Amino acid sequence: MKTTFQTFTGIVIGYGSIGRRHAKVLSQRAQTLIIVDTTDAARKAAAADHQDAKIVDEFRHLDANKFRWDETLPVISSWGPSHARLFHSLVDLGVRHILCEKPMASSVRDAEMMVQRAQQEGV
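The rules we used
- Residues numbered from 1 in each chain as written.
- Predicted model: local features only at pLDDT ≥ 70, side-chain atom pairs only at ≥ 80, totals over all residues.
- Heavy atoms only, no water.
- Helix = DSSP H or I, 4+ residues; strand = E, 2+ residues; numbered from the N terminus.
- Expected span 1.5 Å × (residues − 1).
- Buried < 20%, exposed > 50% of the residue type's maximum accessible area, 1.4 Å probe, protein only.
- Arc of directions from axis to C-beta.
- Contact = heavy atoms within 4.5 Å.
- Salt bridge = Lys/Arg side-chain N within 4 Å of Asp/Glu carboxyl O.
- Pairing = 2+ DSSP bridges.

Draft legend 1. Main features of helix α1 (residues 17-29). Here α1 spans 19 Å end to end across 13 residues, near enough to the 18 Å set by a 1.5 Å rise per residue. Looking at α1, one finds that the buried residues are G19, H22, A23 and L26. All buried residues of α1 fall inside an arc of 105° around its axis, so they share one side. For α1, the exposed residues lying more than 90 degrees away from the buried face are S17, R21, K24 and Q28. Next to the buried residues of α1 lie β1 (9-13), β2 (32-36), β4 (72-76) and β5 (99-100).

Draft legend 2. A look at the pattern of salt bridges. One pass over the structure, following the stated rule, counts six salt bridges. With its nearest N and O atoms 3.6 Å apart, the salt bridge here joins R68 to E71. With a relative accessible area of 49%, R68 lands in the partly exposed category. Among the salt bridges present, the one from D92 reaches R117, with a minimum N-O distance of 2.5 Å.

Draft legend 3. The sheet that holds strand β3 (residues 54-56), seen in detail. Reading across the sheet, the five strands line up as β3-β2-β1-β4-β5 and stay open at both edges, with parallel pairing between neighbours. Looking at the sheet topology across the chains shown, the edges are occupied by β3 and β5. Relative to β5, β4 is paired through two bridges, and the arrangement is parallel. Counterpart to V75 in the pairing with β5 is L99.

Pasting the structure below:
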């Protein structure tokens, strides 16, 4: 059975200027919106902008039993040096659809490793 986009949980990691744009779109299209940011100010802004969203400081703090990771659409919009680590952590959880903002990674090697893993695991 193919899942439609509206049944996905949208996860925005990083609620800066770009993350805000992604959250706005996902709030209108995904069934559930989760916003992840490590800073208090960003979490407060996210809570004010998206009253129905779940706001957390680390995506690892989400209860994996409450939704299926393979039915999520995370958007990595945090600072570039964290992108590769976040990508691999999400794939480890079973995520198969990821949008990663630029820069994709902080090094060519990290970006190549992300692409290779995505190809190997069908991400």
